[in-house]
Amino acid sequence: MSEERSQVAGSAGDEKLTPELVAFVEEWKPQPGNVIMVLHQVQEHFGYIPRSVAFEVAERLDVPVAKVYGVITFYHFFRMVRPGRHSIAVCMGTACYLKGGQDLINELEMLLGCSNGSVTDDGEFGIEAVRCIGCCGLAPVLTVDGEVFGNLTADDLPGILAQYRGK
Amino acid sequence: MTKLEINGIAVEVPEGTTILKAAELVGVKVPRLCYHEDCEPWGACGICVVKVEGSPKMVRACATPCGDGMQVTTHDTELYDVRRTVLQLILSRHPNECLSCARSGNCELQTLSEEFGIREFDFPKRLSELPIDRSTPSIEVNPVKCISCGRCAAVCQQMQGVWALEFLGRGDEMRIAPAADVQLNDSPCIKCGQCSAHCPVGAIYEKSDSKQVHVALADEEKYCVVQIAPAVRVAIGEAFGYESGEILTGKLYAALRRLGFKAVFDTNFSADLTIMEEGNEFLQRMKGDGPLPLITSCCPAWTDYMEKFASDFVPNFSTAKSPQQMMGAVAKTYYAESIGVKPENIFMVSIMPCTAKKYELTRTEDMYSTGYKDVDVVLTTRELSRMIKSAGVDFRNLPEEEADSILGTYAGAGTLFGVTGGVMEAALRTAVTLMTGKKLPKVEFEDVRGLEGVKEAALDVDGQEVRIAVAHTMSNIEQVLDKVRAAREKGEETPYHFIEVMACRGGCIGGGGQPHGATDEVRSMRIAGIYKDDEKSVVRCSHENPEIQRIYKDFLGEPLSEKAHQYLHTHYKSRPVYKLKD
Ligand code: SF4
Ligand code: SF4
Ligand code: FES
């Protein structure tokens, strides 16, 4: 198979594998399961899998781009968008859901102008709905960068965002 | 050999045979949805479960090899109930839109629902909301109808080696799509349509262009002419209750006239024309003028593949256009002049076994060599059979008619374009004659026939060795190209002088636009039909076709003349595999 398999028109993005990552790819290339190992390493470095890097990984491992995307989308662990500087995770476990988790998401989407699963234009915040985070007693709950906020109403949100904006 | 019993019937099968295949041998059909004999089984749908004595779990017949002494039960009440539940679950993810579906009447899911007597649905519907991908000129992909069986991805990856389609996501969110969030037209897809020919339901289907044809036929200003490709005549009968392989050329001509076409031409004529150009191109290159191997270029899915994945072979490609495009070019010039109709008023329709032919129409500016679109619309075999039925034409009772002069007569060589090895055989008939200056003692070249993925031969032409290779089913081509590349790198002589490639299994007779249900058995019957059509032709070689001789005398001059180049040749370039937008 030739490297032409991942030849691209238009821009896939500017991110590139670092020399360390290239070395990692070369080391793993002959081994089974190499795609997933390399992608783990890529996400560790960038915090997500940039599109240009997914294409570069395919080319260097000599596998079809579709195979790389099959793996990226199969595992919830891999992300394809750059995470916000602050990640907001809104719990959608049963308790939180019943107590208004969706209202929190709706309000956040309004306040931040970006939708669930994406990042604000300035890259400051990313919103994500997640499964139960185990704080059902505090429902509805969200976390910002891992810090838990419970018993929330929509009115609490502007205050919380203010604590993180620009930090 | 492995001995086992299926429903109490003893059977002996070669080692590795699956239970599903063994059951077929004793006349038992195990239901299936994801499995297709063209691909390795992957056991996705679960409808084929059977019981094996002593095994606590039901097993998937499509993916489980027979074992010695196995006692298999394929049908009982419990299995019926399990299959019915599997079916109900699949139906809960599939809309009830049979009335407006491209597969209605021969959908594999519809058939199973019928057989299981489904009258109501046990589970609430949960349908995908993803949009239809209409980006290519050839096929459409409707994720709402997809039952996630995975056949299309298996075909695209294993048979075609293209990897345009892949399963993305998992569980409920799983979908069939190209990587990197591109539309199919910006993906590696070569438009071969094999996914549409294999999808068991109506989730992938040809883009329909019959409306355009109806409009043109009703337009008094337009002079509608039509051509039919070789592979159509031996397959369209399947839509009208004939056996596969039945040659229906005469009835097809008649049907097209009844639809309102003013002249009916045959792509076999322009296949002969292609041979004249390509055969002479081959001779030239054999004499040292131009790179070897010469590679055939009449399959647009293959040219798209080559431009994306093997553009190091651009100089090796025959510049001769495909028969479809040659026909368009001469219909709007030579024929138009002969009947005194302005080329802009000629509306050229092609009936093709192929979805990629729809893409070929606008492939490059060379496809407008007459100053207009050389061929206006392509209809696949499937679309034409619908059009014939909806026009009330009683196909089976049609008389046999002849094609129209001056673009209708064909040699047996032309019809061979419909099968793998056929272009090579047709080209050899003419090229060898030209090389030796002698009439061929025998016109058949058996080495290039049959369903083997790669066929090779070395011919002795008056002491000169001519080495050829024929590949079909797209994934088989890389091994042939790699041999040429290896010789190139080492500075050795080329392993082949001439290579024929067709993207689809069996060649055009197995094309992505042909009637559904192609298996190797069906393909072999269609292939036999093509060879029969060749045998019953009075003239077997393209250069002996009187209408071919006439078009050179009256219009083109010589093969490879300036005029021939203007209308009958094209060029190729490297293209990106993915087109990304920010
Ligand atoms: S599109 Fe058709 S062939 Fe492909 S997974 Fe869906 S149902 Fe199967
Ligand atoms: S048309 Fe051919 S290349 Fe394109 S997705 Fe379907 S099988 Fe793959
Ligand atoms: S046919 Fe066997 S699992 Fe689908």
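Since this is a predicted model, take the numbers as computed values, not measurements.

(A) Local environment of the site of ligand 1. Contacts to ligand 1 come from 13 residues, most closely from Cys146, Cys149, Gly150, Cys152 and Cys199 of chain B. Here the residues of the shell around ligand 1 sort into 10 nonpolar, 2 polar and 1 charged.

(B) Up close: the interface of chain B and chain A. With 26 residues of chain B at the interface, the matching set in chain A holds 21 residues. At the boundary of chain B with chain A, total buried surface from both sides reaches about 2000 Å², with 54% on carbon and sulfur atoms. By the criterion of area lost to chain A, the three top residues of chain B are Trp163, Arg170 and Leu580 of chain B, representing 31% of everything that side buries. Joining chain B to chain A, the criterion identifies 7 residue pairs in polar contact (both at pLDDT 80 or more). Of all the secondary-structure elements, those providing two or more residues to the side of chain B that touches chain A are β7 (166-168), α9 (300-309) and β18 (578-579) of chain B. Looking at side-chain class alone, the side of chain B that touches chain A contains 13 nonpolar, 4 polar and 9 charged residues.

(C) Layout of the sheet that holds strand β10 (residues 223-228) of chain B. Residues and elements named next belong to chain B. Pairing is parallel across the open sheet formed by 4 strands, whose spatial order is β11-β10-β13-β14. Bordering the open sheet on either side are β11 (263-266) and β14 (377-380), each of which pairs with just one other strand. Between one strand axis and the next, the sheet turns through 25° on average, direction left out of account. Pairing analysis gives 4 bridges linking β10 to β11, with the strands arranged parallel. Bridge pairing in β11 links glutamine 227 to phenylalanine 265. Sheet strands in contact with helix α10 (residues 323-339) are β10, β11, β13 (346-352) and β14, and its direction is about 150° off that of β13.

(D) Local environment of the domain arrangement of chain B. Domain boundaries in chain B define domain 1 (2-75), domain 2 (90-206) and domain 3 (211-568). Summarising the inter-unit geometry, the C-alpha centres of domain 1 of chain B and domain 3 of chain B are found 41 Å apart.

(E) Structural context of the nonpolar core. All names here are of chain B. Counting residues in each nonpolar core, the largest one holds 158 residues, and the members touching the most others are Leu273, Trp302, Phe395, Leu407 and Ile551. The biggest single contributor to this core is α10, with 8 residues. Residues contacting tryptophan 302, with those up to four places away along its chain left out, are Ile295, Thr296, Phe317, Met474, Ile477, Leu481, Val501 and Ala503. Judged by nonpolar contacts, the second largest core, of 28 residues, contains Met286, Ala426, Val461 and Met502.

(F) Layout of the confidence of the model for chain A. Looking at chain A, the pLDDT average stands at 90 and 98% of residues meet or exceed 70. In the model of chain A, strand β1 (residues 8-9) of chain A stands out as the element of lowest mean pLDDT, 84, in contrast to helix α1 (residues 19-28) of chain A, which has the highest, 95.

Rules behind the numbers
- Residues numbered from 1 in each chain as written.
- Chains lettered and ligands numbered in written order.
- Predicted model: local features only at pLDDT ≥ 70, side-chain atom pairs only at ≥ 80, totals over all residues.
- Heavy atoms only, no water.
- Near = heavy atom within 4 Å.
- Nonpolar A, V, L, I, M, F, W, Y, C, P; charged D, E, K, R; others polar.
- Contact = heavy atoms within 4.5 Å.
- Buried area = accessible area lost by both parts, 1.4 Å probe.
- Polar contact = N/O pair within 3.5 Å; in protein donor to acceptor, adjacent residues only side chain to side chain.
- Helix = DSSP H or I, 4+ residues; strand = E, 2+ residues; numbered from the N terminus.
- Pairing = 2+ DSSP bridges.
- Axes fitted to C-alpha atoms, helices over the stretch in contact; angles between N-to-C directions.
- Domains from an automatic or database assignment.
- Core = buried A, V, L, I, M, F, W, Y, C linked by side-chain atoms within 4.5 Å.
- Buried < 20%, exposed > 50% of the residue type's maximum accessible area, 1.4 Å probe, protein only.
- pLDDT = per-residue confidence, 0-100.

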